[in-house]
Amino acid sequence: MTIQPELATVSFAADLARFGDRTAVYVDGGSLSYRVLADRVDAVARSLGTVRRLVALEADNCLPSLVAYLAALAAGHPLLILPPGKIEAIEALIAAYDPDVVVRSVGDRQGLEVRRDGTRHQLHPELALLLSTSGSTGSPKLVRLSADGIHANANAIAQYLNLRPDDTAATTLPLSYCYGMSVVNSHLAVGASIVLTDTSVVDPCFWELLREHKVTSFAAVPYTFDLLERVGFPEMDLPSLRYITQAGGRLDPDKVRAYSNLGLKRGWDLFVMYGQTEATARMAYLPPDLAAANPGFIGVPIPGGSFRLEPVPGLEHSELVYTGPNVMLGYAETHEDLNLGRVVDELHTGDLARRTPGGLYEIVGRRSRFVKVVGLRLDLGQVERLLAGMGVPAAAAGTDDGIVAAIEGEFDLPLLAKTLAQDLGIPRGAVRLLGVEQIPRLDNGKPDYPAVLALGTDLESTAAGVRETAALDAGGVVDTVRLAFADALEREDIADNDTFVSLGGDSLSYVAASVRLEQILGTLPGGWHLMPVKELSLLATDPAEPRGGSAASWPARMLRRLVPPLETGILLRALAIIFIVSTHVGLFSWQGTAHVLMGLAGYNFARFQLAGTRRARFRRQLRTVARIIVPSVVVIWIAFAVSDTYSWANVFLLNAILGPPGWSDYSRFWFVEVLVYILLGLAALLAIPAVDRAWRRWPWLFPLVIAGMDLLVRFRVVDLPFPGQGPVLWIFALGWAAAASRRWWHRAAVSAVAVLAVPGLFENDVRNDTLLAGLLVLIWIPAIPVPRFLHRIAAVLAGASLYIYVSHWLVYPLVDQISKALAVAASLLVGIAYAAVATKVMNLAERRCRIWRSTRTATGS
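1. Focus on the overall build of the chain
Secondary structure summary: the chain contains 31 helices and 29 strands in total. Counting every position in the chain, which comprises 861 residues, the buried fraction comes to 55%. Summarising the internal contacts of the chain: among those between residues at least 6 apart in sequence, 67% fall at separations of at least 24. Within the structure as shown, the chain displays about 36500 Å² of accessible surface, and the carbon and sulfur contribution to it stands at 58%.

2. Structural notes on the environment of Leu-63
Here Leu-63 shows up in helix H3 (residues 63-75). Placed 36 residues apart in sequence, Leu-63 and Val-27 show a C-alpha to C-alpha distance of 7.3 Å. Here Leu-63 is in contact with Val-25, Val-27, Leu-32, Arg-40 and Leu-196, once residues within four sequence places are set aside.

3. Quick word on a nonpolar patch on the surface
There is a patch of nonpolar side chains on the surface, built from Val-630, Val-634, Trp-637, Ile-638, Val-642, Trp-648, Phe-652, Leu-654, Ile-657 and Leu-658 and spanning about 1000 Å² of accessible area. Counting only elements with at least two residues in the nonpolar patch, the list comes to helix H20 (614-642) and helix H22 (655-658). Along the chain, Leu-658 falls in helix H22. Take Leu-658: its relative accessible area is 61%, and that puts it in the exposed class.

4. Quick notes on the sheet that holds strand S17 (residues 318-323)
Spatially, 4 strands are ordered S16-S17-S19-S20 in an open sheet, and the strand pairing comes out antiparallel. Single-partner strands in this sheet number two, and they are strand S16 (306-310) and strand S20 (361-366). Neighbour to neighbour, the strand axes of the sheet diverge by 50° on average, direction disregarded. In this sheet, strand S19 (residues 347-355) lies alongside S17 in antiparallel orientation, the contact comprising 4 bridges. Paired with Val-321 across the strands is His-348, a residue of S19.

5. A word on the nonpolar core
With 107 residues, the main nonpolar core has Phe-485, Trp-528, Met-598, Phe-732 and Trp-736 as its most contacted residues. Non-local contacts of Met-598, meaning those with residues more than four positions away in its chain, are made with Trp-670, Phe-671, Val-674, Leu-675, Ile-678, Val-728, Ile-731 and Phe-732. The next biggest cluster of nonpolar side chains, apart from the first, holds 85 residues, and it includes Leu-145, Leu-175, Ile-194 and Ala-279.

6. Side note on the confidence of the model for the chain
When the pLDDT values of the chain are averaged, the result is 84; 85% of them are 70 or greater. Predicted confidence is poor over residues 1-5, with pLDDT under 50, and the contacts of this stretch with residues over four places away or in other chains come to 11 contacts.

7. What about the packing of helix H2 (residues 34-47) against H3?
Contact pair H2 / H3: the axes reach a minimum separation of 8 Å and the direction vectors enclose 70°. One way to sum up the angle between H2 and H3 is to call them roughly perpendicular. The handedness of the crossing between H2 and H3 is right-handed. Taken together, the residues of H3 that come into contact with H2 (itself represented by Leu-37, Arg-40, Val-41, Val-44 and Ala-45) are Leu-63, Val-67, Ala-68, Leu-70, Ala-71, Ala-74 and Ala-75. Along the lines of polarity and charge, the residues of the contact of H2 with H3 split into 11 nonpolar, no polar and 1 charged.

About the criteria used
Residues numbered from 1 in each chain as written. Predicted model: local features only at pLDDT ≥ 70, side-chain atom pairs only at ≥ 80, totals over all residues. Heavy atoms only, no water. Helix = DSSP H or I, 4+ residues; strand = E, 2+ residues; numbered from the N terminus. Buried < 20%, exposed > 50% of the residue type's maximum accessible area, 1.4 Å probe, protein only. Contact = heavy atoms within 4.5 Å. Areas by Shrake-Rupley, 256 points an atom, 1.4 Å probe, with all protein chains shown as cover. Patch = residues over 30% accessible without salt bridge, like charges linked within 9 Å, V, L, I, M, F, W, Y side chains within 5 Å. Salt bridge = Lys/Arg side-chain N within 4 Å of Asp/Glu carboxyl O. Pairing = 2+ DSSP bridges. Axes fitted to C-alpha atoms, helices over the stretch in contact; angles between N-to-C directions. Core = buried A, V, L, I, M, F, W, Y, C linked by side-chain atoms within 4.5 Å. pLDDT = per-residue confidence, 0-100. Parallel < 35°, antiparallel > 145°, perpendicular 65-115°, else oblique. Left-handed = near helix turned anticlockwise from the far one by under 90°. Nonpolar A, V, L, I, M, F, W, Y, C, P; charged D, E, K, R; others polar.

Encoded structure:
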């Protein structure tokens, strides 16, 4: 590698090869040794040239970005980090600093845009890295960091975390964020490994990666802990986990204490840390053994650093000032500033702090987070603490005209505002509280205070902007992702970080949401039900054709517009209900699709019913069962009242157990009965802590074990009486396993079980073939091209499939003597209408229950 000797380079990036064949990076199912990574870094460094230049990198969590990042640091090229995917911010930074080279990831390689030979800049020899300050992404004001500062901070972090070469960290934060960058730096500095991924902690794939690569640590911001609780992290068995780090904002002391105690129980440590971009990353850490007893403290300075407290005139507390080798050189606001040397020797953090006699530091406020309302100087941090003391999560912003606070959850806001105003000693009219489902946050997890303030200035913005003002243009109403979720789920409390699953979406509302999103996005991304609203909204704002498209690809793009892919599950449900009704009416006969629906039920169970803690998941599963039981029992009760065809056992969904053996008219609702039994049984089973831990550890193998146990009954290895149409739990479990399959051999194994188990299930070969084909399509084909005009029809039929199934037994006998086709059409239309009415009624009932519960919580009753 050719390096100009007078220039400082980041030594850990320049000397990767010293760790030889140790694994440096796990990525995309493979891995790279330090030796191979060093070769790739050297190759990219050579492509950047021997003349020192300003390099801009759109840094995301992929191998090309990592290699380019290390190459610039190793070769002494100052590196400007661009926020990935944020076009306006990228363009603003490029316009302000005019980099000589721009590096972007293109697939699995780097795309280098060399904008000039040589450089137009005067670059200071110590300058190594340019980062946006927290919350100012896209602002021309950047932090200038030195090579020595980057190296010193990486070594300090490695020292207090006691990093070892056998450690492995997962990249839970963006490489473009200084906290995420520090995880990479500190691990590579000691020869440890990183699992390079952008998978969210709410995605089961993340936990598979963690177990597969024996990950010993991951980094978290405060919001991450909300997500961890959502996915049931406290119950997970993670034997390789050694510690969790937390930074990026203050974590609630109760959570610090809870996770510290959880770690003590589970065998891992919680490191609470404090830092700023201006200090490269870290300035302080709280030793894990002190966390439970001191959960509100930032701890002690990192190795090589020190704090002092500087009095602030007019304030009770002093400002925290940090000194250490990782302090920035200074700020840059134009490209002329890149030639500046060190103008800062110590960092005034802007935080107000106190020090205990034992040497621990505590942040007690923010120097700049003050407003002066009616002559009173108010600390907005103290406003948040007052609300927290009332059990109210909040983010407070304001001006000298008044205070605006975003309140997470549903409370009696007028009463709360009156109480807060009295505590602060200001007029009630100077306090405005807005109820939101989730506090607005920046990409780094910190509260987005400008967004909170904006909520207060928009009189029509409530519930985190859920009811967005309908903007009319020449084409009509501008649709949004948030409104699509609001319509499909019939709820208003939808925030940027919510996902379809976290909002309680199920397989029926999924269909409605997917159709609306398809209208907005064009083609739905895989796993969209796990993506936050804000990520989907970004796709909605930039639905352009893929870059680099040529004229030759125009016919393919046009065909994709006319015949876009429709999710296989939706198509199978629509076809299955048509075939079921047509077979029962006698229009034609094609059996087996009801059992395909059973496999689909398992597939959707895995996607929508398994997220969250045991308690939250159990409640969601009971809610789903209730949404099956209530509309079914209403129809069956009507059928029982007006005919002699059904019994009380049918009304209570017990005919499969109490009814006569074999098939009879009483057996018509077998599918609903058996599905309810399965869902209730699995809800109870997964509520057992040991079983829950087993499922979380082996999410793909667990349903296969359940399938295997039921297949013992299917093949009469174990002779047990089974309700309904014989054992079908294995079909449900295969659908579950299909949804949990993350690799090709997972799908191949599930397919093999299906191929071995289905033949001979029925005497009718067509019925067997239909079931097997349906399962294989579900396993291997995520979406099928269907003419666009049929998407809405398929979605309506799929969303109403349960209601059509239970109601068609009452509808078609009224008209089948007139016309079989008319009987089928009438059954479908009545079922669709029943679905619309029943869904509205159940959503209204749930909404009123939520309001009632929140009212009781807010009033303390």
